[in-house]
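# Analysis of the macromolecular model
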Amino acid sequence: MWNDAFPSFLIGLREGLEAGLIVSILVATLVRADAKSRLPQVWTGVLAAVALAMSFGAVLTFTAATMSATAQETFGGTLSVVAVAFVTAMVFWMRRSARSLSGEIKEKVTGALAMGAGMLVVTSFLAVGREGLETALFLWTTAQAARESAGPMTGAGIGLVIAAGLCWGLYRRVLKINLTKFFTATGAVLIVIAAGVLGYGLRDLQEGGVLSGKAAYAVDLSGSIDPSAWYSTLVQGVFNLTPTMTWLQVIAYAAYLAVVMTLFVRGVRTPAAPTAPPAEGKSADETVVVRARRPVWVLPVAVVAVPVAGAAGLVAFGTSKSAGAQTVAVSQQECGKGFAAPRTGRQTFQMHNTGDKAAEVYLVDPATNAVYGEIEGLAPGTTRDLVATVAGGSYAWRCVPLGGKAVTSAPVHVTGSGAAKPVAPVSEGDLAAPLDAYKKYVGQGLTRLVAQTKKLSDDIGGGHLDAARNDWLTAHRTYASLGAAYGTFQDFDNKIDGRTAGLPGGVNDKDFTGFHRIEYGLWHGQAAHTLAAPAARLAADTAGLQKAFPTQDFAPGDLPLRTHEILENTLQFELTGDADQGSGTSLATADANLSGTRELLGVLRPLLAARDPKLLTRADGDIARLQGLLDAAHDKQRWTPVGKLDTTVRQRLNGATGQLLEDLAPVPDLLEIRKSA
């Protein structure tokens, strides 16, 4: 948990010390001015600031919880970017103000004393409130990044407690801390952490569809780094650096770090402002105008209650928008209970699982089975909002308990106009013909592959290594073009096209087999007798795969998923050069992957054309663009290695692949198999 707690610990320590110093100076100034009677006013302002910060955090949490998944990504990403801006401003402000802070606060206290009790409350409230809001915002964003709140809240709590202890020690003069050095050191660390938060926020905005390029990966080490290892979770928790990062994340991270850290290190230092002393012979308290007394509890209660009431009002307002939403039961026995004809337009339904199994639930047209909205994985006893647009027509709920039979509720008829765009249902039967066509394509490809790997083995066995290099590329391109079947090849895929990731011996490991093992040997000068056994094993494995394939399980629902998974691998391995073992032909593999994607879209085209013809138009244009870029990267059998590509060309390849991935992303949802009653 410490990896998630550390950023919050640092912000709690720094912001707590910053706010604590301000409070200490306020208190010390009043004590020295013999105005101890005004201390309750300071604490009232502090309590008001704390209440405001906690209320702000509650509003953020509630607001995010009531949004759709996409809206949550956009909301969280936006607030992450705002948090980075606040933290950056705070770091620079404290860098400049550490030396003059005491004088500035004393001057404000003196002015507040002269203007009455209310101004002292306002002064302390404003002084501490800014730190509280910054802390609440930063803690919320770090909790979002960590996907849990226990670690960040624990870290922040520890930081605040330590900060309170340090402030007490400074106030009592039992501690001596060089505050300038402290805020400089912690500021530098916070800048690094904020760079990670910025990258995380931009990734959220990409996932939310606000920014493009969510599939344009600049870094992907997922094949060589275990994301669950302690060092991975530590780096991700503290710095928000992940094994897979998009170009936008990397560029923003590097640019922010370079610019902000450079400016911070240069350090803009401003002299402390002169402090105006109180009038000769008078304490600051003597200038106060005597006012009518009011109960001492009125002001503290009022200033604490106002932000709390405001937050409660916002939450109540948000809740009131869904207060009239229907609560609909989800279970095999009570599916659709509580459902009545809604108004037309965008509606929110509160789906409550009253059964004892997790369930899926769909809002459907009972006549056509078209789907208007859905929730997957609704746990027993839980309630989640389902938002759907309703127009005139008939509607019913379809409940599908895990492992149970689908049940459809009684239909209701909605009168009115408007437009609602449902998703046409897809059954296993609809995918049967595309699956048969694709299996036939794979079978033909495996026949060619067996012959090609046999020739590769024969040429290596005969010592004809130049011919073997051509054989290798031909056979590997054939295998790469069968991308949609990878998930069905089971252990054969690792034997035939496995990489060195996770192998203790790397390229020398005994379990490193298949195409990439032979590639390494052919392009690193290994002798024919060394490569003969791996080549014979590859030929045997491809023959074994050909024999096993007709009996392997190829789920119909896998076809839509593979439309983008093939090119995701291309972007992660081929276009980064990570899969290359010396041949420099990663782009040839990418070209074969594109052929496999084109074939897959071909068998799915009739289903997609009936549901989203514009998607096919966009995808066809993207494929033509990417094909043109790949065609320009080779001359007959000679392919340009990825590492030798011009920077502009490489960016265009990544961009074109990323755009194609984005346009293919809706395919799995459009062609998802949904159970019918």
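Residues numbered from 1 in each chain as written. Predicted model: local features only at pLDDT ≥ 70, side-chain atom pairs only at ≥ 80, totals over all residues. Heavy atoms only, no water.

### Details of the overall build of the chain
- Helix and strand content of the chain: 20 helices and twelve strands.
- Out of the 677 residues belonging to the chain, those deemed buried represent 48%.
- Residue pairs in contact within the chain that sit at least 24 positions apart in sequence constitute 76% of those at least 6 positions apart. (Helix = DSSP H or I, 4+ residues; strand = E, 2+ residues; numbered from the N terminus. Buried < 20%, exposed > 50% of the residue type's maximum accessible area, 1.4 Å probe, protein only. Contact = heavy atoms within 4.5 Å.)

### Remarks on empty space enclosed by the protein
- Scanning the entire structure with this criterion turns up one cavity of 30 Å³ or more.
- What lines the largest cavity is Trp472, His476, His516, Glu519, Glu574, Ala579, Asp580, Ser583, Thr585, Ser586 and Thr589.
- Where the lining of the largest cavity is concerned, the elements lending two or more residues are α12 (465-480), α14 (515-522) and α17 (586-611).
- Among the residues making up the lining of the largest cavity, the classes are represented as two nonpolar, six polar and three charged. (1 Å grid on protein atoms, 1.4 Å probe; cavity = no way out; pocket = protein on both sides within 12 Å on 5 of 7 lines; lining within 4 Å. Points joined across faces, edges and corners; volume = space filled by probe spheres on them. Nonpolar A, V, L, I, M, F, W, Y, C, P; charged D, E, K, R; others polar.)

### Thoughts on the packing of helix α11 (residues 428-461) against helix α15 (residues 528-548)
- The interhelical angle for the contact between α11 and α15, taken along N-to-C directions, is 165°, at an axis separation of 8 Å. The orientation of α11 relative to α15 falls into the category roughly antiparallel. Crossing hand, α11 versus α15: left-handed. Mapping the contact onto sequence places Leu446, Thr447, Leu449, Val450, Thr453, Lys454, Leu456, Ser457 and Ile460 in α11 and Ala528, Leu531, Ala532, Ala535, Ala536, Leu538, Ala539, Thr542, Ala543, Leu545 and Gln546 in α15. (Axes fitted to C-alpha atoms, helices over the stretch in contact; angles between N-to-C directions. Parallel < 35°, antiparallel > 145°, perpendicular 65-115°, else oblique. Left-handed = near helix turned anticlockwise from the far one by under 90°.)

### Details of unusual backbone geometry
- One non-glycine residue, Asn369, adopts positive backbone phi at about 70°.
- Among the secondary structure elements, Asn369 is positioned in the loop between β5 (359-364) and β6 (371-378).

### A look at the packing of α11 against α17
- One way to put it is that α11 packs onto α17 with a least axis distance of 9 Å and a crossing angle of 155°. Between α11 and α17, the interaxial angle falls into the category roughly antiparallel. Of the two elements, α11 crosses α17, and the hand of that crossing is right-handed. Counting all contacts with α11, which are made through Asp430, Leu431, Pro434, Ala437, Tyr438 and Tyr441, the residues of α17 involved are Gly596, Glu599, Leu600, Val603, Leu604 and Leu607.
- Partitioning the contact of α11 with α17 into residue classes produces nine nonpolar, one polar and two charged.

### Some words on the sheet that holds strand β4 (residues 345-353)
- Pairing is mixed in the open sheet, where three strands are placed in the order β3-β4-β7. Each edge of the sheet is formed by a strand with only one pairing partner; in this case those strands are β3 (326-330) and β7 (383-390). Sheet twist, expressed as the average angle between the axes of neighbouring strands with direction ignored, equals 35°.
- Across eight bridges, β4 lies against β7 in antiparallel orientation. (Pairing = 2+ DSSP bridges.)

### Digging into the packing of aromatic side chains
- Inspection of the entire model under this criterion finds eleven aromatic pairs.
- An angle of 45° between the planes, with centres 5.3 Å apart, marks the rings of Tyr438 and Tyr441 as tilted. You can see Tyr438 and its partner Tyr441 sitting in helix α11, three residues apart, about one turn around the helix. Of the two residues, Tyr438 and Tyr441, both sit in the buried class.
- Put simply, the rings of Trp472, Tyr479, Phe489, Phe515, Trp523 and Phe549 pair up and form one aromatic cluster.
- Of note, Lys495 hangs over the ring of Phe492, and the distance from its end group to the ring centre comes to 5.4 Å.
- The ring of Phe573 carries the charged tip of Arg499 above its face, separated from the ring centre by 4.3 Å. (Phe/Tyr/Trp six-rings, centres within 6.5 Å; stacked < 30°, edge-to-face > 60°. Lys NZ or Arg CZ within 6 Å of the ring centre and 35° of its normal.)

### Quick word on the pattern of salt bridges
- Under the definition given, this model contains 13 salt bridges.
- Taking the shortest distance from any N to any O, the salt bridge between Glu334 and Lys337 comes out at 3.5 Å.
- One network of salt bridges, with partners in common, ties together Lys455, Asp459 and Asp471. (Salt bridge = Lys/Arg side-chain N within 4 Å of Asp/Glu carboxyl O.)

### Quick word on the state of the cysteines
- Applying the stated criterion across every chain, the model contains one disulfide.
- In this model Cys335 forms its disulfide with Cys399; the gap between the sulfur atoms is 2.1 Å. Disulfide Cys335-Cys399: torsion about the S-S bond near 85°, hence right-handed. Note that Cys335 is positioned in the loop between β3 and β4 and Cys399 in strand β8 (residues 393-401), a separation of 64 residues in sequence.
- A relative accessible area of 11% means that Cys335 is categorised as buried.
- By relative accessible area, Cys399 is classed as buried at 1%. (Disulfide = S-S within 2.5 Å.)

### Some points on the environment of Val642
- With respect to the helices, strands and loops of the structure, Val642 is situated in the loop between β12 (638-639) and α19 (647-664).
- Sequence spacing of Val642 and Asp578 is 64 residues, and the spatial spacing of their C-alpha atoms is 9.6 Å.
- Once you skip the residues sitting within four places of it in the chain, Val642 turns out to touch Glu574, Leu575, Thr576, Gly577, Ser586, Leu587 and Arg650.

### Let's talk about the environment of Gly132
- Following the sequence through the fold, Gly132 ends up in helix α5 (residues 117-146).
- Taking the C-alpha atoms as reference points, Gly132 and Gly57, separated by 75 residues in sequence, lie 9.9 Å from one another.

### Examining the side chain of Gln326
- Tracing the backbone through its elements, the reader meets Gln326 in strand β3.
- Judged by its relative accessible area of 17%, Gln326 falls in the buried class.
- Among the polar contacts listed, one links the side chain of Gln326 to the backbone oxygen of Ala340, at a separation of 2.7 Å.
- Among residues more than four places away in sequence, those in contact with Gln326 are Gly338, Phe339, Ala340, Ala341, Pro342, Thr348, Phe349 and Gln350. (Polar contact = N/O pair within 3.5 Å; in protein donor to acceptor, adjacent residues only side chain to side chain.)

### Thoughts on helix α9 (residues 247-266)
- For α9, spanning 20 residues, the distance from its first C-alpha to its last is 28 Å, which sits close to the expected 28 Å at 1.5 Å a residue.
- Along α9, the positions that sit buried rather than exposed are Gln249, Ala252, Tyr253, Tyr256, Val260 and Phe264. For α9, the buried positions fall inside an angular range of 100° around the axis, keeping them on one side. Pointing more than 90 degrees away from the buried face of α9 are the exposed residues Ile251, Val265 and Arg266. (Expected span 1.5 Å × (residues − 1). Arc of directions from axis to C-beta.)

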